[in-house]
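Breakdown of the fold
Here is what each chain is made of, one letter per residue.
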Amino acid sequence: MTQGEKITVENGKMNVPNQAIIPFIEGDGTGPDIWAAASRVLEAAVEKAYNGEKGIVWKEVLAGQKAKDNTGEWLPEETLETIRDYKIAIKGPLTTPVGGGIRSLNVALRQELDLFTCLRPVKHFSGVPSPVKKPEDVDMQIFRENTEDIYAGIEWEEGTEEVKKVVDFIQNEMGVNKIRFPETSGIGIKPVSKEGTERLVRSAIEYALNEGKKSVTLVHKGNIMKFTEGSFKAWGYDLAEREYGDKVFTWKEYDQIVEEKGREAADQAQKEAEDAGRIIVKDAIADIFLQQILTRPKEFDVVATMNLNGDYISDALAAQVGGIGIAPGANINYESGHAIFEATHGTAPKYAGQDKVNPSSVVLSGTLMLDHLGWREASELIHKAMDKTIASKVVTYDFARLMDGATEVKCSEFADELIKNMD
Ligand SMILES: NC(=O)C1=CN([C@@H]2O[C@H](COP(=O)(O)OP(=O)(O)OC[C@H]3O[C@@H](n4cnc5c(N)ncnc54)[C@H](OP(=O)(O)O)[C@@H]3O)[C@@H](O)[C@H]2O)C=CC1
Ligand SMILES: O=C(O)CCC(=O)C(=O)O
Ligand SMILES: [Mg+2]
């Protein structure tokens, strides 16, 4: 077996050895089927792109049911330590029970490694069936804050001593009389910080600048949640103006011009900024945003938002380009260099062990990983193979049920097709 080497990060620069050791978590439910297929595709692409000069040496780390069965722990410390040490990892989905039971291991991994950005690119592959008329108009990059918000899981259950204390504090110390049913409420807390917002918005703007994108949209529900989602918007605009000055034009600047010189002057200023290649930093309230991504998707490019909004938006947008079977993602800390690549979808438990589901989300998460390593040639091979395979209408059940004349193949067979079509 090839002895690999660790990826290291020094002074913010990643050193990737030719034989890179990459930890992986197989995942629960359909995870093992998907991982078996996706890992073969990634290996084949690297082999083909670099004639064996580069390679991935997989290192399994445990989480979820497999970890519980083997170690008694759902998320062993050793898994966290290994990922911290090896910097980059890729994972299949992990189950989180609804209501009671363990808290999300997926969220725990993001929090423990401080992977503050969840990047979920949403783009249409030609030929993929879609419920919208022009899926090719969707080309967005979701930057979802990944460590805070109501998603952090700070909450107390109805009827407990703890929730009584919290309700008592809110009512008697803070003078709040708006809890409709205080005796029978569970309570959740929504922390949204300036630091958390700034590092997320910074990563979105940096991405937009590096990739030549036209706009960054801050999506929030700041009209209702003024000091969390509203502050996200305000801090986002302040950061854009303070750190990116004449590289951006914000709608905050636009509003100031409207006030001082009228709307025509503001429109003119925005037009000049666009012509000069400045990134337009704008915002949208989350409910209307969900309508506009359907009706006017071309207007959105990079999207920066908080954790729960980002969760909803990523599944909704995935639907527009063929569904959750082809929706990749990456959890990244741009400061430490740590990253875990994972699909947007979950464990799809009803299909577990059937070798049936679409492995594309994990395969494409793997291409994000290859890009992150600088192994773009391998990533491009997979993208081309994906185009070719879908064009030939050889697809898994999720696409086959929406495509005329498709040949339905299993998860593993779809991987075989991708490998065959790498040329
Ligand atoms: N990051 C993670 O690890 C995530 C974990 N989860 C966890 O997964 C579990 C199940 O969640 P659930 O809400 O059912 O969502 P899932 O994403 O697991 O599945 C919902 C539906 O999406 C479709 N789907 C999912 N994956 C694929 C795929 N690879 N190929 C084709 N279709 C797919 C299937 O649709 P159809 O029925 O139409 O065929 C499936 O029934 C929960 O415990 C949840 O917490 C959820 C999201 C992310
Ligand atoms: O952690 C989970 O189980 C769900 C997470 C999720 O839906 C997501 O991150 O998109
Ligand atoms: Mg989700």
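Conventions and cut-offs
- Residues numbered from 1 in each chain as written.
- Chains lettered and ligands numbered in written order.
- Predicted model: local features only at pLDDT ≥ 70, side-chain atom pairs only at ≥ 80, totals over all residues.
- Near = placed C-beta within 6 Å.
- Nonpolar A, V, L, I, M, F, W, Y, C, P; charged D, E, K, R; others polar.
- Pairing = 2+ DSSP bridges.
- Helix = DSSP H or I, 4+ residues; strand = E, 2+ residues; numbered from the N terminus.
- Axes fitted to C-alpha atoms, helices over the stretch in contact; angles between N-to-C directions.
- Domains from an automatic or database assignment.
- Buried ≥ 20, exposed ≤ 12 C-beta atoms within 10 Å, placed from the backbone.
- UniProt positions renumbered as here; feature names shortened; annotations may be inferred.
- Contact = placed C-beta atoms within 7 Å.

**Overview of the site of ligand 2**
For ligand 2, the full set of nearby residues is T96, S104, N106, V107, D311, T344 and G346. For the shell around ligand 2, the class distribution of residues is one nonpolar, five polar and one charged.

**Thoughts on the sheet that holds strand β10 (residues 215-220)**
Strand order in the open sheet formed by eleven strands is β4-β3-β5-β15-β14-β6-β7-β13-β10-β12-β11, and the pairing between neighbours is mixed. Of all the strands in the sheet, the pair left with one neighbour each is β4 (55-60) and β11 (248-250). Strand-to-strand, the axes of this sheet are offset by a mean angle of 25°, without reference to chain direction. Of the strand pairs in this sheet, strand β7 (residues 139-145) and strand β13 (residues 302-305) are connected by four bridges, and their pairing is parallel. Bridging from a neighbouring strand, R144 pairs with T305 of β13.

**A short note on the domain arrangement of the protein**
Domains assigned within the protein are domain 1 (1-123 + 324-422), domain 2 (130-148 + 192-321) and domain 3 (155-188). A C-alpha centroid distance of 28 Å is found between domain 1 and domain 2. Of the residues forming the side of domain 1 that touches domain 2, the biggest block, seven residues, is contributed by strand β6 (residues 117-123). Considering only residue class, the side of domain 1 that touches domain 2 consists of ten nonpolar, four polar and four charged.

**A word on the site of ligand 1**
Close to ligand 1 lie 17 residues, the nearest being P93, T96, G325, G346 and N358. Classifying every residue of the shell around ligand 1 by side-chain character gives six nonpolar, nine polar and two charged.

**Notes on the pairing of β7**
Moving residue by residue along a regular strand, the side chains alternate between the two faces of the sheet. When you tally the buried positions in β7, you get six out of seven residues, the bulk of the element. Summarising the sheet, β6 and β7 pair through seven bridges and their orientation is antiparallel. By the bridge assignment, K123 is partnered in β7 with D139.

**Here we look at the UniProt feature "binding site: NADP(+)" (unreviewed entry) in the protein**
Sequence positions flagged by UniProt for "binding site: NADP(+)" (unreviewed entry) are, in local numbering, T95, H345, G346, T347, A348, P349, K350, Y351, N358, Y397 and R401. An extended arrangement is adopted by the annotated residues: their sequence extent is 307 residues, and the largest C-alpha distance between any two is 26.0 Å. Along the chain, H345 falls in the loop between β15 (339-342) and α12 (360-373). Apart from residues lying up to four places away in sequence, H345 is in contact with P93, I324, A327 and S361. With respect to the helices and strands, Y397 occurs in helix α14 (residues 397-400). Once residues lying within four places of it in the same chain are set aside, the contact partners of Y397 are K356 and E408.

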